[in-house]
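# Structural overview for review
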Number of protein chains: 2
Amino acid sequence: MIFSYNHLFTFTEAVFRSIGCPEADATTATEALLAADLRGIDSHGVARLIGYVRLWEAGRINPTPRVGVVYETPSTAVVDGDGGLGLVVAPKAMQVALEKARIAGTGWVSVKNSNHFGIAGYHAMKSLAHDMIGIAMTNASPLVAPTHSLDRLLGTNPIAVAIPAGEQPDFVADFATTTAANGKLEILQRKQQPAPTGWIQDAQGQSSTNPNELKDGGALLPLGGETGSHKGYCLGSVVDIFSAVLSGANYGPWVPPFVAFLQPPADPVGQGIGHFFGAMRVDAFRPATEFKAHMDNWISTFRQARAVDGQQVLIPGDPEREMAAERLLGGIPLLETVVQDLETVGRKFGVHL
Amino acid sequence: MIFSYNHLFTFTEAVFRSIGCPEADATTATEALLAADLRGIDSHGVARLIGYVRLWEAGRINPTPRVGVVYETPSTAVVDGDGGLGLVVAPKAMQVALEKARIAGTGWVSVKNSNHFGIAGYHAMKSLAHDMIGIAMTNASPLVAPTHSLDRLLGTNPIAVAIPAGEQPDFVADFATTTAANGKLEILQRKQQPAPTGWIQDAQGQSSTNPNELKDGGALLPLGGETGSHKGYCLGSVVDIFSAVLSGANYGPWVPPFVAFLQPPADPVGQGIGHFFGAMRVDAFRPATEFKAHMDNWISTFRQARAVDGQQVLIPGDPEREMAAERLLGGIPLLETVVQDLETVGRKFGVHL
């Protein structure tokens, strides 16, 4: 079933209003959430709306958070999300990073006491209109085993980096620090198809292609898979430490789960989940026009590389940008089960899908 | 053959003096270069001394560079390496990052007109004594094909992140953004053993296990290998852009080669190779004692994870730190061919190995 962006926007905004979000926050959260659907990262978009609502029902989302800076220097801040939606907290924290960068050249904000913030790329891209490089990362509940570990200690901990170009479309990298994002595994589970080698291990730490392995004590593998997972382990660790040890959020196995039916650990080491944002003015390094002309050259050089037969060398962000253009015009397709979930949520609040 | 650290230090310092480095720079360069041998990254250590000497003979190393800041804001700078040894330029640039961080909370330095700087981890670790997080990256000559590309457009572009702990040893991640570092491939070439799948592609972009493939138009694969190289491609690209497009160095296919027998591209888009350094005071986010206590907890939690039979969960930096302790006491083993190269260099300058 296909829905227009505007239709889903009105519905989602009404749902966020219904759980008590102030009007401006409901709009902010909706824009952040639907950015995932527009960009084709269906696992992180409106399909998760019911999850946020259930967390609110469980008393684990504060719909009226007082989000604020609790510690700062000229180029840094720690933001306390006050238990709010990550979809509301993250844009405010990124705004702090952008303001710091305006004055100090760069701005770096670590966030505690937040919740899932949707897709990292959306937040990083807020820098682009200001001729800044944007960086966004977040920790997440533990599904990933460090190299040689049987225990799951890290989340899929994504990193996004957005870099402005001139004539060319901007460079936007956004990726989980695992071989495969959890969303891709969910698709295989639904289709009951095996996963490629290097995505998952079983409860004994052995290679597995069973997409349901995580339910039986298995784990996702860090980026690099079976021959180089120590590098993905390094990356995922850095995201965890920047997001949570710097801010005072929960880290490693203490990160609270997104799903309401699982309880957060009883012995937290911090508050909520953590994020980390960065903004760097490109003209804090060289004139912006010069930088952007070289980015154009970088991008066109890479895009014009000779490619393997039938393929094309893409620039990070190309597929998502094309998908967004397509879906803005042609609408957003939703799975039957997602539509049912939205209808369930709608009935709860008297909002019509 | 085994040499003591002090013996190699005296020899290497004398060689750098012989090519015209001022005394302080020769000491700086030697310490940076030998950090690789101490930490067990043999491909980047004294084995490369002859390579630096040949670059100097080819007129591509300035032994008396005027390294300086050419552009800055409170938290950023661009450093011009004036064609010097990366081993000299990088420590000076990292020093600028540390000084910026002392005042502004963080410091970020992009470097142009430099040469290879040894191992990234050494430079990142300069932050640790100041209770700062250190970041170091560099671009390098193109050996890596972006996803779907037949052309080699990126270097192995490493990233290092050093994070201070309290009682526990510090966290030091240092890794190439390829599945395998070039040094590991060189070892297989020497032994004439096949490479694991996912390390390299042939000239047609097909999977290969031939360790000599790069000589025949093949390429290294970005981190993630055959199922997820787009993520390593993103990472390597970010390193290239931060190191060179921000600073005005050469990027992508224009990065000059380390080996003197290959000429740099005739149409440079910038000056020399580029690096990028970052320093973040941990007390720009929360009190350092608090941060370090949580890092200790993070590290001991991960180290104590249940492990696959016969294995142990390591913390990034563990193997290199243990190797350094061992080699400081027991000496540094060098391959026969490396000893011969050093003797050749020694004879040239009347320096005895």
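Nothing here was measured: the structure is a model prediction, and the numbers come from that model. (Residues numbered from 1 in each chain as written. Chains lettered and ligands numbered in written order. Predicted model: local features only at pLDDT ≥ 70, side-chain atom pairs only at ≥ 80, totals over all residues. Heavy atoms only, no water.)

## Overview of the overall build of chain A
Stated precisely, the cut-off is as follows: Each helix is a run of H or I in the DSSP string that is no shorter than four residues. Each strand is a run of E no shorter than two, and both are numbered from the N terminus. Note that the radius of gyration is over C-alpha atoms, with the globule rule given as 2.2 Å times the number of residues to the power 0.38. In this scheme, a residue with accessible area under 20% of its type's maximum is buried, one over 50% is exposed, and one in between is partly exposed, where area comes from a 1.4 Å probe on protein chains only. Residue contacts are defined here by distance: any two heavy atoms, one from each residue, within 4.5 Å place the two residues in contact. Per-residue and other accessible areas follow the Shrake-Rupley method at a 1.4 Å probe size, with only the shown protein chains counted as cover for residues. Charge counting treats Lys and Arg as positive and Asp and Glu as negative, with His and both chain ends excluded. Charge placement uses NZ in Lys and CZ in Arg. For Asp and Glu, CG and CD serve respectively.
Helices and strands together make up the secondary structure of chain A, namely 10 helices and 12 strands. Rg of the C-alpha trace for chain A: 20 Å, near the compact-globule value of 20 Å for 353 residues, within the 12% margin. Counting only C-alpha atoms and orienting by the principal axes, one finds that chain A spans roughly 50 × 50 × 45 Å. Burial statistics for chain A: of 353 residues in total, 63% are counted as buried. When contacts within chain A are restricted to residue pairs at least 6 apart in sequence, long-range pairs at least 24 apart make up 65% of them. Total accessible area on chain A is roughly 12,800 Å²; 52% of this is exposed by carbon and sulfur atoms. Of note, chain A has its 26 positive side-chain charges centred 2 Å away from the centre of its 34 negative side-chain charges.

## Here we look at the sheet that holds strand E6 (residues 159-163) of chain B
Our working definition: A pair of strands counts as paired when DSSP detects no fewer than two bridges linking them. Each axis is a line fitted through C-alpha atoms, and for a helix only the stretch in contact is used; angles between axes span 0 to 180 degrees, taken between their N-to-C directions.
Ordered in space as E2-E3-E4-E11-E5-E6-E7 (chain B), the seven strands form an open sheet in which the pairing is mixed. On the outer flanks of this sheet lie strand E2 (68-73) and strand E7 (171-175) of chain B, each paired with one strand and no other. Sheet twist, expressed as the average angle between the axes of neighbouring strands with direction ignored, equals 10 degrees. Bridging between E2(B) and strand E3 (residues 76-80) of chain B involves five bridges; their strand directions are antiparallel. Paired with Gly68(B) across the strands is Asp80(B), a residue of E3(B). Along the sheet, helix H7 (residues 225-245) of chain A makes contact with strand E5 (132-138), E6, E7 and strand E11 (273-281) of chain B, crossing E7(B) at roughly 135 degrees.

## A closer look at the interface of chain A and chain B
Filter applied, for reference: Once two parts are brought into contact, the accessible area they lose, counted with a 1.4 Å probe and summed over both, makes up the buried area. We count a salt bridge whenever a side-chain nitrogen from Lys or Arg sits within 4 Å of a carboxyl oxygen from Asp or Glu. Pairing of N or O atoms within 3.5 Å defines a polar contact, subject to two protein rules: one partner must be a possible hydrogen donor and the other a possible acceptor, and residues neighboring in sequence count only if both atoms are side-chain atoms. Charged residues are taken to be Asp, Glu, Lys and Arg, nonpolar residues to be Ala, Val, Leu, Ile, Met, Phe, Trp, Tyr, Cys and Pro, and polar residues to be all remaining types, Gly included.
Between chain A and chain B, the contact holds 87 residues from the first and 87 residues from the second. Both faces considered, chain A and chain B share a buried interface measuring about 6,900 Å² in area, 69% of it formed by carbon and sulfur atoms. The three residues of chain A that bury the most area against chain B are His148(A), Lys231(A) and Phe285(A), which together make up 11% of that side's buried surface. The interface formed by chain A and chain B includes two salt bridges. Between Asp151(A) and Arg306(B) there is a salt bridge whose closest N-O contact spans 2.7 Å. Put simply, chain A and chain B have 31 residue pairs in polar contact (both at pLDDT 80 or more) between them. The dominant element in the side of chain A that touches chain B, judged by the number of residues it contributes, is H7(A), at 13 residues. Partitioned by chemical class, the residues of the side of chain A that touches chain B number 54 nonpolar, 26 polar and seven charged.

## With respect to the environment of Val96(A)
Residue and element names in this part refer to chain A. Looking at the secondary structure, you find Val96 in helix H4 (residues 86-104). Put simply, Val96 and Val109 are 13 residues apart on the chain and 7.2 Å apart in space, counted from C-alpha to C-alpha. Discounting residues that sit within four places of it in the chain, Val96 has contacts with Val69, Ala77, Val79 and Val109.

## Quick notes on the pairing of E5(B)
Residue and element names in this part refer to chain B. Within E5, seven of the seven residues are buried, leaving the element largely enclosed by the surrounding structure. Bridging between E5 and E11 involves seven bridges; their strand directions are antiparallel. Counterpart to Gly134 in the pairing with E11 is Ala279. Inspection of the sheet shows E5 paired to E6 by four bridges, in the antiparallel sense. Within E6, the position partnered with Ile135 by the bridge is Val161.

## Re the pairing of E7(B)
Residue and element names in this part refer to chain B. Along E7, four of the five residues are buried, which leaves the element largely enclosed by surrounding structure. By the bridge criterion, five bridges tie E6 to E7 in an arrangement that is antiparallel. Bridging across to E7, Ile159 finds its partner in Phe175.

## Here's the deal with the domain arrangement of chain A
Residue and element names in this part refer to chain A. Counted only if it meets this: The split of the chain into domains comes from an automatic or database domain assignment.
Split into domains, chain A comes out as domain 1 (1-63 + 331-352), domain 2 (65-178 + 224-316) and domain 3 (180-220). Of note, the centres of domain 2 and domain 3, computed from C-alpha atoms alone, are 25 Å apart. Approximately 910 Å² of surface area, both sides summed, lies buried where domain 2 meets domain 3, with 52% of it carried by carbon and sulfur atoms. Of all residues in domain 2, the largest losses of buried area upon contact with domain 3 belong to Leu143, Leu150 and Glu226, amounting jointly to 47% of the total for that side. Counting every contact that joins domain 2 to domain 3 gives zero salt bridges. Run the count over domain 2 and domain 3 and you get six residue pairs in polar contact (both at pLDDT 80 or more).

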